[in-house]
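# Observations on chain architecture
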Amino acid sequence: MRYTKPIYLLITILIYFTLPSVGQKKKFDPDNIFVSPSISIKTVKSINWMNDGKNYTSKASNKIIRYNTSSGEEVATLFDGDKHGIRVTDYSLSADESQILLETNKKKIYRRSYTAEYYIYDLEKKKLSKLSDKGPQQYATFSPDGSKVAFARNNNLYYKDLAANEEIQITSNGVKNKIINGTTDWVYEEEFAFVKAFEWSPKGDKIAYYEFDETNVPRYNMQLWDSLYPSDYVYKYPKAGEKNSDISIYIYHLKNKSKVKASMDGRVDFYIPRMQWTANNDILSLIRLDRLQQTFEIVHIGANSGMSQIELLERHKQYFDINFCDDLYYLESGKEFIYSSEQSGYKHFWIYNTEKKSLDAITKGKWEVDELIGIDEKSKKLYFTSTEDSHLERQFYVIGFNGKGKTKLSNGEGWHKIDMSDDCAFYIDEYSKPGMPPKISLFNSTGKLVKVLEDNSAAKKTMASFDWIDKEFITMNIFDSVELYGYLMKPSNFDSTKKYPLMMFLYGGPGDQKVTKDWDGSSRELYNKMLVQNGYIVACFDNRGTGGRGTKFKKVTYKELGKYETIDQIEIARKLGEKSYIDANRIGIWGWSYGGFMSTSCLFKGNDVFKLAIAVAPVTNWRFYDNIYTERYMQRPKDNASGYDDNSPINFADSLKGKYLLIHGTADDNVHFQNAVELQERLIYLGKQFDSFYYPGNNHKINTGGAKVHIHTLMRNYILNNL
C-alpha cells in the first residue's frame, strides 16, 4: 500500500490585469482584477501518476493526455472528449489503467456536492459506454479490480457490474430530507469536508457506506425569487445545540448481497469524520468523535461481524482539530499506522503499533507539521511540510519512521507546495513568496533538481509595468507579552512625514493563517493592493486563535470565540494609530465570513478606535451557525450560554458608532441571511444608522450574476467615500 497523492500539470491561470498606459504604472480596480485578463501566471493543476512511475495523465483542452514525467512532454492522447461529443469535467483510471471513468454534465449542489453523468471508456477496444441511463449519479468510483463502479443517486447507493452490464441497487430507503445513503448531509459536507460516503474494500468484494437519518434534524427554509410566486428551498441544517443526523455505518457484501451494521458500542450523539479500509480486507477503520469533539478514537470494525475495537483513544481538554483526520495512514504490514496529534502541544506525526500497543513520535519540536506528502514503506521514510523554519513559511522535509535522519529538501525562504509521485521517486515543488509568482520544478526524492518546468519569468517581466505593492512583515507585542505577526502595505510613493488612513483586513478564525510568505497575487490580495494605490495603508495581522503556532496560541479562544481575537485586533489598530504616518482618526476594518464577524465585533467593541467597518456574510450570533463547527469551539449553548452571548455582535449593537456596511447573499446556505436580518433588526430598534446591501440568489461566495465585480466596487466606493 502506498500513500497516493496527485501530482500536477502546468496550466495557465489568468490573473486579472489590463495593460498600462505608456509611461505609467497601471493601477488595479474591481473590473481589471475580476474581469479583464491580460497577464497569465502559470501554476499547477491536479493530475494522476501512472503505474510505471514514469508517466502521468492530465485533462487538457477536453482531452486526457499522457505525459512523460522527466520531460513533461506529451506522449499520447488517451481520450478526446470533442471527438466523442462530451465535455469532460473530471476522470479517473482503473487500477490496471485499461479503462477511464469520465465525468460530464456536472451540476453543483453545495460547496463540494454535485451530480454528474459518467461514461466508461475502454482504452483497448476504443469503446465508450454510458454508466447509467436512469438519471444523474454522484461520485462514481471504480472497484479496485476495475470490474465494477459504485455511485450514489437520489440518496441511495448502487454499483454497476461492467461485464454483465447490470446495475445493482444496494439501498432503497433513501428519501430527500430524511435518509441519505452513500453521500453526506449538509453539515458533514461543510465541516468535515467530504461528500463521497462509501469506500470499496481492498479486494472489491465489499462496500462500506454511511447512512444519515436526518428525519429529526430541524429544517431551514430559503426563499428563492425564481418565478411569479417565489419558491421555498428547504434543507436540513442543525444549528448549535440542535439535533444531528443519526449516523450508521454498513458493510455490504457483494457475494451474498448482505449488509452488516457496524457496532457503535451503544454510543449516541457522535461523529464519524473519516472512514477507510485498513490493509486488511476484513477490517474497516473509523475515526470517531464525541459530540463536543474532545474524545478522538480510531475504531476497527470487523467486516463480517460488525464488532468494534478501539485501537487508539485521545482526550482533549479543548477540541480535536478536524484537519488532522486526513493524516491517518495504514502500513501494509497491517500492524502499524501513522497519524498526527497535538498531544505534545504542537501538531506532529506519530506511529502506533497495534500489537505492541506502543506509540512513538516521528517528529518533535516547538513547531508544527503541516501536510503529509508521501510515505515510502520500503525505505521507511515519511515526507512532509512543516513550519520548522518559520510559521510564516512551509518547507519540505523527509524523516525516517524512527524519527531519525530528518533532512530538509526544499530551498528558498517562502512557501513550498509539494506533490509527490506514488512511489516517492519524484516530486513537484511549486515555490513562491511575496512578489514572486510560483516557480514550478521537478525534483527526485533526494531533492536533486531534474527540471524547471516553469519560472514565470514572463509574468515577472509584465508585473514590472504595474504599480506592485510589496508587503512589509512586522511583529508587534501587545499586552500580556503576546507577540502577533502581520504585514503592512504602503503606497509606492509613501512619505513618512504624511498621515495615511489605515484599512485593516482580517479573517481571524480558529487555525487560519492570513499572514504567510507566499505568492500575493490572488484576487483578494490584489484588491487590498488597490486600496493602497488609492492612498491607504493596509494592514493584516493574525490574532490569537489562528494556526501554525501550537495549541496554546490556537486554543486560547476556546468557549469564547470573538473575545481574544477582537481584543488583539483593537489593540493592534490602537498601536498602529500611534505611528506618526497613520491617521488615528481614519482607521477602518473589513472581512468576510468569520472575518465579517470579526470586523463587526471590532467596530462595536472598539468604537473609539475604528471609524468604519465592512462585514460580508458575517455570523452575528453563534447560536445561528451549524453545530459541528460551533460546538467544536464553543460547546453547546446550554453548556456555555455566556460564551455565546458575551461575544455576540447582536448584543453589542448599541455600541455602534462610525460607518458600518453589512452585506449578505440571500441564498447563503452556509452563514444564513438570518444573521444579517437579525442584526439589522436590532440596529433599527436601537435607532442606529448603518448601511446594508443584499445580493439576491447569491450564496456565501457572492459571485454569480455579476455580483463579484459589483460587491468589490461597492466596498471600494464605501471606503473611499467614508474613510
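Keep in mind it's a predicted model, so treat the numbers as computed, not measured.

### Here's the deal with unusual backbone geometry
Apart from glycine, the bulk of residues carry a negative phi angle, and the bulk of peptide bonds sit in the trans form. The phi dihedral of N456 falls on the positive side, at around 55°, and the residue is not glycine. Along the chain, the position of N456 falls in the loop between β36 (449–454) and α4 (457–463). Looking at N456, the relative accessible area reads 2%, which means it is buried.

### Overview of the state of the cysteines
Among covalent bonds in proteins, the disulfide is the one between the sulfur atoms of two cysteines. Following the criterion strictly, the structure yields zero disulfides and no others. There is no disulfide at C540, and the cysteine sulfur nearest it, in C602, is 12 Å away. We classify C540 as buried; its relative accessible area is 0%.

### Some remarks on the sheet that holds strand β7 (residues 99–108)
The sheet built from four strands is open, its strands ordered β6-β7-β8-β9 with antiparallel pairing. Bordering the open sheet on either side are β6 (88–93) and β9 (127–130), each of which pairs with just one other strand. In this sheet, neighbouring strand axes are inclined to one another by 30° on average, regardless of whether the strands run parallel or antiparallel. The pairing of β6 with β7 spans five bridges and is antiparallel. Bridge pairing in β7 links L93 to I100.

### Overview of the confidence of the model for the protein chain
With 96% of its residues at a pLDDT of 70 or more, the protein chain shows a mean pLDDT of 93. Across residues 1–22 the pLDDT falls below 50, and counting only partners more than four positions away or on other chains, this stretch makes 104 contacts in the model.

### Some details on the packing of helix α7 (residues 563–577) against helix α8 (residues 594–605)
The interhelical angle for the contact between α7 and α8, taken along N-to-C directions, is 65°, at an axis separation of 9 Å. When the axes of α7 and α8 are compared, the crossing they make is right-handed. Of the residues in α8, those touching α7 at E565, T566, Q569 and I570 are Y594, M598, S601, C602 and K605. Taken together, the residues of the contact of α7 with α8 sort by class into four nonpolar, three polar and two charged.

### Focus on the pattern of salt bridges
Pairing between side chains of opposite charge can happen when their charged atoms approach one another. Taken as a whole and judged by the stated rule, the model has 37 salt bridges. Ionic pairing is found between E297 and R288, a salt bridge with its closest N-O pair at 2.7 Å. Classification of E297 by relative accessible area gives buried; the value is 2%. For K563, the salt bridge identified is with E560, shortest N-O distance 3.4 Å. Note on K563: relative accessible area 28%, which makes it partly exposed.

### Describing the nonpolar core
Membership of the largest hydrophobic core comes to 102 residues, with the highest contact counts inside it found for Y188, Y210, F610 and Y660. No other element matches α8, which puts six residues into this core. If you look at the next biggest cluster of nonpolar residues, it comprises 39 residues, including L392, A459, Y527 and I719.

### A look at the packing of aromatic side chains
Applying the stated criterion across every chain yields a total of 56 aromatic pairs. For the pair Y188 and Y210, a centre-to-centre distance of 6.4 Å together with 75° between the ring planes defines the contact as edge-to-face. Of this pair, Y188 sits in helix α3 (residues 186–192) while Y210 sits in strand β16 (residues 206–213), and the two are 22 residues apart along the sequence. Overall, Y188 belongs to the buried group, its relative accessible area being 2%. Pairwise contacts between aromatic rings join Y319, Y507, Y558, Y594, F597, W622, Y625, Y629 and Y633 into one cluster. Over the aromatic face of Y158 sits the side chain of R153, whose NZ or CZ is 4.5 Å from the ring centroid. Over the aromatic face of F553 sits the side chain of R549, whose NZ or CZ is 4.0 Å from the ring centroid.

### Regarding the pairing of strand β38 (residues 482–489)
Counted residue by residue, β38 has six buried out of eight residues, so it is predominantly covered. Alignment of strand β37 (residues 472–478) against β38, held across seven bridges, turns out to be antiparallel. Each residue of the ladder has a partner; that of I478, found in β38, is V482. Between β37 and β38, which pair antiparallel one after the other, the connecting turn spans three residues, and D480 there sits at a positive phi close to 60°.

Rules used throughout
- Residues numbered from 1 in each chain as written.
- Predicted model: local features only at pLDDT ≥ 70, side-chain atom pairs only at ≥ 80, totals over all residues.
- Heavy atoms only, no water.
- Helix = DSSP H or I, 4+ residues; strand = E, 2+ residues; numbered from the N terminus.
- Buried < 20%, exposed > 50% of the residue type's maximum accessible area, 1.4 Å probe, protein only.
- Disulfide = S-S within 2.5 Å.
- Pairing = 2+ DSSP bridges.
- Axes fitted to C-alpha atoms, helices over the stretch in contact; angles between N-to-C directions.
- pLDDT = per-residue confidence, 0-100.
- Contact = heavy atoms within 4.5 Å.
- Left-handed = near helix turned anticlockwise from the far one by under 90°.
- Nonpolar A, V, L, I, M, F, W, Y, C, P; charged D, E, K, R; others polar.
- Salt bridge = Lys/Arg side-chain N within 4 Å of Asp/Glu carboxyl O.
- Core = buried A, V, L, I, M, F, W, Y, C linked by side-chain atoms within 4.5 Å.
- Phe/Tyr/Trp six-rings, centres within 6.5 Å; stacked < 30°, edge-to-face > 60°.
- Lys NZ or Arg CZ within 6 Å of the ring centre and 35° of its normal.

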